[in-house]
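The chain contents come next:
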2 protein chains.
Amino acid sequence: MTETVITSKEERLNRLIAKVRDLPKVPVAVVYPCDKESLRGPIMAAEAGVIEPILVGPAGQIRALAGEFGFNLANYRIVDVPDSHAACDEAVKLVHAGEAEALMKGSLHTDELMGTIVSRANNLRTPRRISHVFVMDVPTYPRPMLITDAAVNIKPTLEEKVDILQNAIYLAHALGIPEPKVAILAAVETVNPKMPSTLEAAALCKMADRGQIKGALLDGPLAFDNAVSAEAARIKGIKSPVAGQADIFLVPELESGNMLFKQLEYLSFALTAGVVLGAKVPVILTSRADSAETRTASCVIAAMFAHANRKNN
Amino acid sequence: MTETVITSKEERLNRLIAKVRDLPKVPVAVVYPCDKESLRGPIMAAEAGVIEPILVGPAGQIRALAGEFGFNLANYRIVDVPDSHAACDEAVKLVHAGEAEALMKGSLHTDELMGTIVSRANNLRTPRRISHVFVMDVPTYPRPMLITDAAVNIKPTLEEKVDILQNAIYLAHALGIPEPKVAILAAVETVNPKMPSTLEAAALCKMADRGQIKGALLDGPLAFDNAVSAEAARIKGIKSPVAGQADIFLVPELESGNMLFKQLEYLSFALTAGVVLGAKVPVILTSRADSAETRTASCVIAAMFAHANRKNN
């Protein structure tokens, strides 16, 4: 074999969309969609049959934007509020009323939306810490890669890692992986007192043994090669039920996770989705640099999680 | 475009080999090549026209191995010594005599070889700290990626990062990149007091301004996407002469570097080479899991560095 052929992102996105297209649409409160990209994202996802957006923001401004860029808003509910602060308040009410089953960031600042979600007064929290999961479709790996936390928690403690893992495990369940395999990543696969992440990996495995983390098969520390390649693990003499077939990749801290997901996105043809978990409903955070594919893929993942939420509540 | 075609590693390795095949061969002391893979590596590199190996170890044992696996040793010098300790000593002598211009690890333990190199008594050190550089040919990136330090220094201090960078810069020069562009990686592209690597990035840039680091164009902190994609940098409003075209990637610490290079190797079709710098001669460290391509590619990189050493001394 002298060359390898990679399937396009568009085709992989279409396969992902097919997972939710025939399900009842999940209503998503889009918080303050007041610039072109943040309005276009939910509309594209809606037109692809992925979600039912509820646009929460200044109706006049939203309609003017739609007119300017030729978006058809006829099918979507608009909740008219004067500013981003009021949009956050209204989105909270929609969630509590059961009218929105997910939130999507518009053009307000991430901190404002996250502040709304973590504020105890708004009662959107669960007992678990808020964390972020990237779901990446990478053509060179035979299953979705769930990478956490590469976006919200900078240097999580062991206790925080428990929540981060449990959030990702629930997401894996929602994506149809009943017992996800979790690789707890480090630079080495042995416990090394000089590398705290290896000690924490051992502790997390024992916590899973004791039922303190539920619904997954954990192993770690594992280096990245052992996590993704059974052959690499075999050569190193590592016997692990996770090696070579990890679904969830727990990174030691945000810095390594950030490089990992960006590398997958920029150099490994990954189709990227991201979702914030640990609140009563999933939250789709978007970033200015996100592609249209990423915005739609994130809506699919949030919708699948919301469907699982429906069943569990 | 619905699919992408990736050139094979073999073809990329052949292009790399072509860079040294017509140059005078660099003599490489292979320290204790006493198992199949560690003997086969230098012989394959020699047969490809990359290096001239000097096999330093128990001659009887080496010849028996060659007989067992059908390797032809007729063209290679063997320096007969009884054990790995004596092989290290003899390799040091060959370097000081100018008979070896690089070292290659055989089947002894890495710590034994590295201990020999860093021992002041052996006088193989330079003023700079020892560090490791991966040189990766990644089909989705238009130039070689030099990643440092993802193998030797676990959590380098700022002072150590200066040496790590300078070693990598000299290697870039040897590879024909006269003024390499250096991305100092972090999870974000802004200086954030909570993330020490971002402060160190700013300090390293200023040190380059002051001539404390020479021969390269530095910028950082840069997140991985800004380092490899001019478009990602443009969207974030980052003006940087390095963004999108980095040659050298300085990682904050070993853990993130380890994930980065393994991800490139396992999921991005990278052809990987590695070399240890900061000693009087380059050192090729191999790992049991290394492919034949990696062993040969590492010999090419070390040979190119040794050629530059010749010119500079």
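This text goes with the structure placed above it.
Values in this document were obtained by computation on a predicted structure and should not be read as measured data.

Before going further, it helps to examine the overall build of chain A. The secondary structure content of chain A amounts to 11 helices and 12 strands. In terms of overall size, chain A behaves like a compact globule, its C-alpha atoms giving a radius of gyration of 20 Å where 313 residues would be expected to give roughly 20 Å. Judged by the C-alpha coordinates and their principal axes, chain A covers about 65 × 50 × 30 Å. Split into buried and exposed, the 313 residues of chain A put 60% on the buried side. Long-range pairs, those at least 24 residues apart, make up 72% of the contacts in chain A with a sequence separation of at least 6. Summed over its atoms, the accessible surface of chain A is roughly 12500 Å², and 50% of this surface lies on carbon and sulfur atoms. When the 33 basic and 35 acidic side-chain charges of chain A are each reduced to a single mean position, those positions are 4 Å apart.

All names here are of chain B. The tally for this structure, following the rule as stated, stands at 26 salt bridges over all chains. Close ionic contact of Arg15 with Glu11 constitutes a salt bridge, the shortest N to O distance being 3.3 Å. Of the two residues, Arg15 and Glu11 are both situated in helix α1 (residues 9–17); the distance of 4 residues between them amounts to about one turn of the helix. A salt bridge links Lys93 to Glu90; the shortest N-O distance between them is 3.9 Å. Note that Lys93 and Glu90 are positioned in helix α4 (residues 84–96) at a spacing of 3 residues, about one turn of the helix. Given the relative accessible area of 53%, Lys93 is considered exposed.

The next point concerns the side chain of His132(B). Residues and elements named next belong to chain B. The topology assignment puts His132 in strand β6 (residues 131–137). By relative accessible area, which is 4% here, His132 ends up buried. Excluding anything up to four places from it in sequence, His132 contacts Ile147, Thr148, Asp149, Ala151, Val152, Gly274, Val275 and Val276.

Let us look at the relation of the copies chain A and chain B. Expressed as a screw transformation, the operator carrying chain A onto chain B has a rotation angle of 180° and an axial translation of 0.0 Å, and the superposed copies differ by an RMSD of 0.0 Å. Put plainly, the chains are arranged around a two-fold axis. Looking at chain A, 100% of its interface residues are interface residues in chain B too, so the copies touch through the same face.

Let us now look at the interface of chain A and chain B. The partner chain B presents 44 residues to the 44 residues of chain A that form the contact. Of the roughly 3900 Å² buried at the junction of chain A and chain B (both faces included), carbon and sulfur atoms supply 67%. Among the residues chain A hides against chain B, the three largest losses belong to Glu255(A), Met259(A) and Leu267(A). Together they make up 18% of the total. Our count for the contact surface shared by chain A and chain B stands at 2 salt bridges. Of the charged contacts in the structure, one is a salt bridge between Lys262(A) and Asp225(B), with a shortest N-O distance of 3.2 Å. Our enumeration of links across chain A and chain B arrives at 14 residue pairs in polar contact (both at pLDDT 80 or more). Its residues assigned to classes, the side of chain A that touches chain B shows 26 nonpolar, 11 polar and 7 charged. As judged from the 5 bridges shared by strand β1 (residues 3–7) of chain A and strand β1 (residues 3–7) of chain B, these two strands associate in the antiparallel manner. Residue pairing for β1(B): Thr4(A) is matched across the bridge by Ile6(B).

Right, let's get into the packing of aromatic side chains. Counted according to the given criterion, the structure contains 8 aromatic pairs over all chains. Ring centres of Phe134(A) and Phe261(A) lie 3.8 Å apart, and the angle between their planes is 25°; this geometry places the pair in the stacked category. Taken as a pair, Phe134(A) in strand β6 (residues 131–137) and Phe261(A) in helix α10 (residues 254–267) lie far apart in primary sequence, 127 residues in all. Exposure remark for Phe134(A): the relative accessible area of 9% places this residue in the buried category. Between Tyr141(B) and Phe249(B), the ring centres sit 6.0 Å apart and the planes meet at 70°, which makes this aromatic pair edge-to-face. Of the two residues, Tyr141(B) is situated in the loop between β6 and β7 (145–148) and Phe249(B) in strand β10 (residues 248–250); the sequence distance between them amounts to 108 residues. Across the pair, Phe249(B) and Tyr141(B) agree in class, each one buried. Grouped by ring-pair contacts, the aromatic residues Tyr141(A), Phe224(A) and Phe249(A) constitute a single cluster.

For the rest of this paragraph, the subject is helix α5 (residues 110–118) of chain B. Residue and element names in this part refer to chain B. Within the sequence span of α5, burial applies to Leu113, Met114, Thr116 and Ile117. Each buried residue of α5 lies within a common arc of 155° when the element is viewed along its axis, so the set occupies one face. Structurally, α5 contributes buried residues whose contacts are with β2 (26–31), α4, β5 (102–105), β11 (271–277) and β12 (283–284).

On to the environment of Gly257(B), then. By the secondary structure assignment, Gly257(B) is in helix α10 (residues 254–267). On a C-alpha basis, the gap between Gly257(B) and Ala150(B) in space is 4.4 Å, while along the polypeptide they are 107 residues apart.

This paragraph deals with the pairing of strand β7 (residues 145–148) of chain A. All names here are of chain A. Along β7, one buried face is formed by Met145 and Ile147 and the opposite face, lined by Leu146 and Thr148, is buried too. Here 3 bridges tie β7 to strand β10 (residues 248–250), and the two strands are oriented parallel to one another. Counted as the bridge partner of Thr148 is Leu250 from β10.

A separate point is the packing of helix α6 (residues 158–174) of chain B against helix α7 (residues 196–209) of chain B. All names here are of chain B. One way to put it is that α6 packs onto α7 with a least axis distance of 11 Å and a crossing angle of 55°. Judged on the interaxial angle alone, α7 and α6 are oblique. Note that α6 runs across α7; the crossing there is right-handed. Contact with α6, carried on its side by Leu158, Lys161, Val162 and Leu165, involves Glu200, Ala203, Leu204 and Met207 of α7 and no other residues of that element.

Note that His85(A) resides in helix α4 (residues 84–96). With 40 residues separating them in the primary sequence, His85(A) and Ala45(A) have C-alpha atoms 25 Å apart.

A separate point is the environment of Met104(B). All names here are of chain B. One can find Met104 in strand β5. A relative accessible area of 1% places Met104 in the buried class. Through-space distance from the C-alpha of Met104 to that of Pro33 is 9.0 Å; in sequence the pair is 71 residues apart.

A negative phi angle is the norm for most residues apart from glycine, just as the trans form is the norm for most peptide bonds. Going from Gly220(A) to Pro221(A), the amide bond is cis rather than trans, its omega being 0°. Position of Pro221(A) among the secondary structure elements: in strand β9 (residues 217–222). Residues other than glycine seldom take positive phi values, yet Tyr32(B) does so here, at roughly 65°. Here Tyr32(B) lies in the loop between β2 and α2 (36–47). You can call Tyr32(B) buried: its relative accessible area is 18%.

Rules behind the numbers
Residues numbered from 1 in each chain as written. Chains lettered and ligands numbered in written order. Predicted model: local features only at pLDDT ≥ 70, side-chain atom pairs only at ≥ 80, totals over all residues. Heavy atoms only, no water. Helix = DSSP H or I, 4+ residues; strand = E, 2+ residues; numbered from the N terminus. Rg over C-alpha atoms; globule rule 2.2 N^0.38 Å. Buried < 20%, exposed > 50% of the residue type's maximum accessible area, 1.4 Å probe, protein only. Contact = heavy atoms within 4.5 Å. Areas by Shrake-Rupley, 256 points an atom, 1.4 Å probe, with all protein chains shown as cover. Lys, Arg positive; Asp, Glu negative; His and termini not counted. Charge placed at Lys NZ, Arg CZ, Asp CG, Glu CD. Salt bridge = Lys/Arg side-chain N within 4 Å of Asp/Glu carboxyl O. Least-squares fit on C-alpha atoms with pLDDT ≥ 70 in both. Buried area = accessible area lost by both parts, 1.4 Å probe. Polar contact = N/O pair within 3.5 Å; in protein donor to acceptor, adjacent residues only side chain to side chain. Nonpolar A, V, L, I, M, F, W, Y, C, P; charged D, E, K, R; others polar. Pairing = 2+ DSSP bridges. Phe/Tyr/Trp six-rings, centres within 6.5 Å; stacked < 30°, edge-to-face > 60°. Arc of directions from axis to C-beta. Axes fitted to C-alpha atoms, helices over the stretch in contact; angles between N-to-C directions. Parallel < 35°, antiparallel > 145°, perpendicular 65-115°, else oblique. Left-handed = near helix turned anticlockwise from the far one by under 90°.

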